[in-house]
Amino acid sequence: MIDFYCKKTCKSCQKAKAWLDEHGVAYSYVDYTKQLPPDRVIREALEQMGSAALRKRHKRFKELQGADVETLMREIQADPNLLGRPILVWPDGRWLMGFKPEAWREQLL
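A. Quick look at the overall build of the chain. Helices and strands together make up the secondary structure of the chain, namely 4 helices and 4 strands. The helix and strand sequence of the chain, counted from the amino end, reads β-α-β-α-α-β-β-α. Over its C-alpha atoms, taken along the principal directions, the chain stretches across nearly 40 × 30 × 25 Å. Counting the 109 residues in the chain, one finds 40% classified as buried. When contacts within the chain are restricted to residue pairs at least 6 apart in sequence, those whose partners lie at least 24 apart make up 64%.

Laid out in structure tokens, this is it:
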């Protein structure tokens, strides 16, 4: 089963949840403000995506541009809302960040 890390009040997360339900995808809902994805997933997202793994609307987004991965890891641990969402994590370790229906269709259907 896929772990679906999101925040209940996030519009993108709400759309993503509706998409998963509509397509019959089995998932385990995880409120990421209470339990972050595994550190390995966050680290890989930061290494592969850079600042695109952060929420652009977060008040600290601009000041953290160019920060190293270790700094960003600490900042995300202190404030999970900094991390982009939603995030899907498969049991085999694959992950997908952000709600992009075409990418989700390709990976899930």
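There's plenty left to go through after this.
B. Layout of the packing of aromatic side chains. A complete count under the given rule lists 5 aromatic pairs for this structure. When the ring of Phe-4 is compared with that of Tyr-29, the centres are 6.1 Å apart and the planes differ by 65 degrees; the resulting orientation is edge-to-face. In this pair, Phe-4 sits in strand S1 (residues 2–6) while Tyr-29 sits in strand S2 (residues 27–31), placing the two residues 25 residues apart along the sequence. By relative accessible area, Phe-4 is classed as buried at 0%. Residues Phe-4 and Trp-104 carry aromatic rings whose centres are separated by 6.4 Å and whose planes lie at 90 degrees to one another, so their mutual orientation is edge-to-face. Taken together, the residues span a long stretch of sequence, with Phe-4 in strand S1 and Trp-104 in helix H4 (residues 101–108) at a distance of 100 residues. One aromatic cluster is present, built from ring pairs that chain together Phe-4, Trp-19, Tyr-27, Tyr-29, Phe-99 and Trp-104. In this structure, Arg-94 packs its charged tip against the face of Trp-90, placed 4.3 Å from the ring centre.

Basis of the calculations
Residues numbered from 1 in each chain as written. Predicted model: local features only at pLDDT ≥ 70, side-chain atom pairs only at ≥ 80, totals over all residues. Heavy atoms only, no water. Helix = DSSP H or I, 4+ residues; strand = E, 2+ residues; numbered from the N terminus. Buried < 20%, exposed > 50% of the residue type's maximum accessible area, 1.4 Å probe, protein only. Contact = heavy atoms within 4.5 Å. Phe/Tyr/Trp six-rings, centres within 6.5 Å; stacked < 30°, edge-to-face > 60°. Lys NZ or Arg CZ within 6 Å of the ring centre and 35° of its normal.

The analysis is restricted to geometry; functional conclusions fall outside its scope.
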